[in-house]
Amino acid sequence: MSTPELKKVSAKPDLLLSTHHSLCPGCGEPLALRVILELLAELGVAERTICVCGIGCYTAFPGIIDVDVLQALHGRAPSVATGAKRVLPDRFVFTLQGDGDMVSEGLQEIIHSAARGEKFTAVLLNNGVFGETGGHMTSTSVLGQRTKTTMDTGRVAEKHGYPIKIADLIAQVDGSTYVARGAMHTPAAIAWTKRILGEAFRVQLEGEGFSFVEVLTMCPTDWYVEPSETPDWIERNFTGTYPLKILKHP
Ligand SMILES: Cc1ncc(C[n+]2csc(CCOP(=O)(O)OP(=O)(O)O)c2C)c(N)n1
Ligand code: SF4
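Only a predicted model underlies this, so the values are computations on that prediction, with no experimental measurement involved.

Colleague: Before we move on, can you summarise the site of ligand 2 with the specific residues and values?
Modeller: In the vicinity of ligand 2, the residues found are Leu 23, Cys 24, Cys 27, Glu 29, Cys 57, Asn 127, Gly 131, Cys 219, Pro 220, Thr 221 and Asp 222. Counting residues per element, the shell around ligand 2 draws most heavily on helix 8 (residues 220–223), which supplies three residues. For the shell around ligand 2, the residue count by class is six nonpolar, three polar and two charged.

Colleague: Tell me about unusual backbone geometry, and name the residues and values.
Modeller: Even without being glycine, Tyr 224 reaches a positive phi, approximately 60°. Within the secondary structure, Tyr 224 sits in the loop between helix 8 and helix 9 (230–238). Taking relative accessible area as the criterion, Tyr 224 reaches 39% and is therefore assigned partly exposed.

Colleague: Got a sec to walk through the nonpolar core? Specific residues and values, please.
Modeller: Core analysis: the largest hydrophobic core is formed by 48 residues, its most contacted members being Leu 40, Phe 94, Leu 96 and Trp 223. Among the secondary structure elements, those contributing two or more residues to this core are helix 1 (29–43), strand 1 (49–53), strand 3 (92–98), strand 4 (121–126), strand 7 (176–183), helix 7 (187–205), strand 8 (210–216) and helix 9. A total of seven residues in this core trace back to one element, the largest contributor, which is helix 1. Those residues in contact with Leu 96 that lie beyond four places of it in its chain are Leu 33, Ile 36, Cys 51, Val 52, Cys 53, Gly 54, Tyr 58, Val 123 and Leu 125. Membership of the second largest hydrophobic core comes to 22 residues, among which are Val 93, Met 102, Ile 110 and Ala 114.

Colleague: Mind laying out the packing of aromatic side chains, listing which residues take part and the relevant values?
Modeller: Two numbers describe a pair of aromatic rings. These are the distance of the centres and the angle of the planes. Inspection of every chain in the model, using the stated rule, returns seven aromatic pairs. Between Trp 223 and Trp 233, the ring centres sit 3.8 Å apart and the planes meet at 15°, which makes this aromatic pair stacked. A residue pair is termed long-range when its members are at least 10 positions apart, and Trp 223 in helix 8 and Trp 233 in helix 9 qualify at ten residues. Residue classification places Trp 233 among the buried positions, given a relative accessible area of 10%. For the ring pair Trp 233 and Phe 238, a centre distance of 5.2 Å and an interplane angle of 70° mean the geometry is edge-to-face. A network of ring pairs unites the aromatic residues Trp 223, Trp 233, Phe 238 and Tyr 242 as a single cluster.

Colleague: Lay out helix 4 (residues 107–115) in plain terms, naming residues and giving numbers.
Modeller: Of the positions making up helix 4, those classed as buried are Glu 109, Ile 110, Ser 113 and Ala 114. Looking straight down helix 4, one finds its buried side chains confined to an arc of 125°; they lie on one side. Packed against the buried residues of helix 4 are helix 2 (77–87), helix 3 (99–105), strand 4, helix 6 (166–172), strand 7 and strand 8. At the exit of helix 4 stands Gly 117, carrying a positive phi of roughly 65°.

Colleague: Provide a residue-level description of the environment of Ser 2, including the pertinent values.
Modeller: As for its placement among the helices and strands, Ser 2 is situated in the segment before helix 1. On the basis of relative accessibility, which here comes to 63%, the residue Ser 2 falls in the exposed class. Remark: the alpha-carbon pair of Ser 2 and Gly 209, spanning 207 residues in sequence, is separated by 55 Å.

Colleague: A description of the environment of Gln 145 should follow, citing residues and the corresponding values.
Modeller: Here Gln 145 shows up in the loop between strand 6 (136–137) and helix 5 (157–160). A relative accessible area of 2% means that Gln 145 is categorised as buried. The sequence separation of Gln 145 and Leu 6 amounts to 139 residues, and the corresponding C-alpha distance is 43 Å. Ignoring any residue separated from it by four or fewer positions in sequence, one finds Gln 145 in contact with Asn 127, Gly 128, Val 129, Thr 150, Gly 154, Arg 155, Trp 223, Trp 233 and Phe 238. A distance of 3.3 Å separates a polar side-chain atom of Gln 145 from the backbone oxygen of Gly 128.

Definitions and cut-offs
- Residues numbered from 1 in each chain as written.
- Chains lettered and ligands numbered in written order.
- Predicted model: local features only at pLDDT ≥ 70, side-chain atom pairs only at ≥ 80, totals over all residues.
- Heavy atoms only, no water.
- Near = heavy atom within 4 Å.
- Helix = DSSP H or I, 4+ residues; strand = E, 2+ residues; numbered from the N terminus.
- Nonpolar A, V, L, I, M, F, W, Y, C, P; charged D, E, K, R; others polar.
- Buried < 20%, exposed > 50% of the residue type's maximum accessible area, 1.4 Å probe, protein only.
- Core = buried A, V, L, I, M, F, W, Y, C linked by side-chain atoms within 4.5 Å.
- Contact = heavy atoms within 4.5 Å.
- Phe/Tyr/Trp six-rings, centres within 6.5 Å; stacked < 30°, edge-to-face > 60°.
- Arc of directions from axis to C-beta.
- Polar contact = N/O pair within 3.5 Å; in protein donor to acceptor, adjacent residues only side chain to side chain.

What is shown is where atoms sit, not what they do.
Next up, the structure:
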């Protein structure tokens, strides 16, 4: 009997040097990173890329990706990227931050960078929790979300405030050029996210201004749900507050 022909549908991106990392099974952040690495290769910009990384679970990756990386202090990635892109305008510069890092700890950095129209691309990995430090509520946790610090009632507006829709805010800022939101919970959402990340990257490559992409990512560990239930969790709990769409384009 002849062996059926197997079709290869995926492979480790060339820019990923190792598959060993410390992130939890079912985490959405490695998927987002994979899409970014695929795009860098497809656009042919890897050799001149600088990734400015925030601090969160995703900080496990910079050591195993084949692009230059700057590690920024909490929330400061947009300012570090500003410096890198201004000094080295021919480099392709993108930031990688979590919601805790960007929206809770570094809100002013991202808003001011957008307002100045800095010519880099900002990527937000939004899982609605401070993942690395144990799952506390962040500024983007949605109403009703149970986190380590809202375990009893879930997030309640009167007590914890409302979630900050950072992509919507950035879209309102005159200096931003392209703003969009994607997610990692279904194949269709991943394809959509690859498309909008590609558009955001092209905005930078064509010198059109500041581009911003929010990516909703799964955190089974701090959502206290099985990895297999996380796509449904995103659909039920996140996409109402954070619809997947382009919020601003040139
Ligand atoms: C100024 C400062 N505050 C807090 C911390 C501790 N800290 C390190 S990682 C982290 C959580 C980051 O969460 P997020 O950006 O949402 O990324 P995730 O871990 O969910 O990927 C925190 C609070 C720190 N290192 N520095
Ligand atoms: S704690 Fe959450 S964000 Fe961090 S690696 Fe685990 S699943 Fe991913």
